[in-house]
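Report on the structure
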Amino acid sequence: MEAMRMTPPAGARVLVTGGAGGIGRGLVAALLACGARVAVMDLPASLARHPPAEGVLAIEADLSDEAAVGAAFAALARQWDALDGLVMLAGFSLARQPIASFDAAAWDSVIAGNLRSSFLTARAALPLLHKGENPAVVTAASGLAVKSTPGFGPYAAAKAGVISMTKLLAAENAPKVRVNAIAPSAVDTAFLRGGTGRGGDDASGTAHVDLAAYAATIPLQRIATVEDVVGPVLFLLGPASGYVTGQTLHINGGLLMA
């Protein structure tokens, strides 16, 4: 009996939002290695700093803006008449601070950049996904959505909303479209080392966590790498996860055991 493929099939049309970020670039490279056709949507500044590889369709968009999302998907539809996979990595955070001192506009911007952008993207992508071949969606939540950590209020709240939205999308679009979430712990990228996740590798600020102290709390005794996240995403996009939908896959080295 032939082993079931653990990655998307060759020729699969996969859209990655936030594809110019650290995890996004690793995922795009892995998808290309699988033979997938890849499109990326990200902010203009991010795409300028990290232009996608040759053959990748790059579309500029602020995915928290409804009109921009509409224009981006219109551009995508002119190239592809269907989607077989969607990975929503777009999102960002701000410097840590307690909820009591958060400015309302700053709070709203984080909610918009993570939860609103996921909603707008999913809504725009669903017509193309329903035309796809065994389509699968992977949303990006976070361990912070279920393990409260002071200072990450709007980001944690937005990612909790992403988990809830994932379940709703899975229920509303079954049996045609599968929808699952990944919930990584801290991943060793520029974001973790002081960046916001917007506009490229802007790791010029103070690190979001004490990396050595944080690693010591993890049973596997290290911080996640980009590759640790890419593998589970490929699995959720591929046929080996064909009976998995509405689930949240925690990628955290044992930090949180559900």
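Before reading further, recall that the structure is shown in the block above.
Here we summarise the structure given alongside this text. Keep in mind the model is a prediction, meaning the values are calculated, not measured.

What about the overall build of the chain?
Assigned secondary structure in the chain consists of 7 helices and 7 strands. The C-alpha radius of gyration computed for the chain amounts to 17 Å, which stays within 12% of the reference 18 Å derived for 258 residues, consistent with globular compactness. Expressed as a percentage of its 258 residues, the buried residues of the chain come to 51%. Within the chain, contacts between residues separated by at least 24 positions form 70% of all contacts whose residues are at least 6 apart in sequence. Accessible surface, the chain: about 11,700 Å² in total, of which carbon and sulfur atoms supply 58%.

Things to note about the nonpolar core
Counting 29 residues, the largest nonpolar core has V16, L27, L31 and V87 as the members making the most contacts within it. Elements with a contribution of two residues or more to this core: β1 (13–17), α1 (22–34), β2 (37–42), β5 (136–140) and α7 (226–237). Counting residues per element, this core draws most heavily on α7, at 7 residues. Those residues in contact with V87 that lie beyond four places of it in its chain are V14, L15, V16, T17, L27, V138, V233 and L237. Membership of the second largest hydrophobic core comes to 28 residues, among which are A39, L120, A122 and L169.

Things to note about the pairing of β1
With respect to burial, β1 is a largely interior element, 5 of its 5 residues being buried. In β1, alternate side chains face the same way, and those of R13, L15 and T17 on one face and V14 and V16 on the other are all buried. For β1 and β2, the ladder comprises 5 bridges, and the chain directions are parallel. Its bridge partner lying in β2, V16 is registered against V40. In this structure, β1 lies alongside strand β4 (residues 85–88), joined through 4 bridges in parallel fashion. Its bridge partner lying in β4, V14 is registered against G85.

Here's the deal with empty space enclosed by the protein
Tallying each qualifying case throughout the model produces 1 cavity of 30 Å³ or more. The calculated volume of the largest cavity comes to roughly 30 Å³. Along its surface, the largest cavity is lined by L86, A122, L126, L129, V137, L169, N173 and V179. Among the elements of the structure, α4 (104–129) and α5 (153–173) are those that each provide at least two residues to the lining of the largest cavity.

Scoring rules and cut-offs
- Residues numbered from 1 in each chain as written.
- Predicted model: local features only at pLDDT ≥ 70, side-chain atom pairs only at ≥ 80, totals over all residues.
- Heavy atoms only, no water.
- Helix = DSSP H or I, 4+ residues; strand = E, 2+ residues; numbered from the N terminus.
- Rg over C-alpha atoms; globule rule 2.2 N^0.38 Å.
- Buried < 20%, exposed > 50% of the residue type's maximum accessible area, 1.4 Å probe, protein only.
- Contact = heavy atoms within 4.5 Å.
- Areas by Shrake-Rupley, 256 points an atom, 1.4 Å probe, with all protein chains shown as cover.
- Core = buried A, V, L, I, M, F, W, Y, C linked by side-chain atoms within 4.5 Å.
- Pairing = 2+ DSSP bridges.
- 1 Å grid on protein atoms, 1.4 Å probe; cavity = no way out; pocket = protein on both sides within 12 Å on 5 of 7 lines; lining within 4 Å.
- Points joined across faces, edges and corners; volume = space filled by probe spheres on them.

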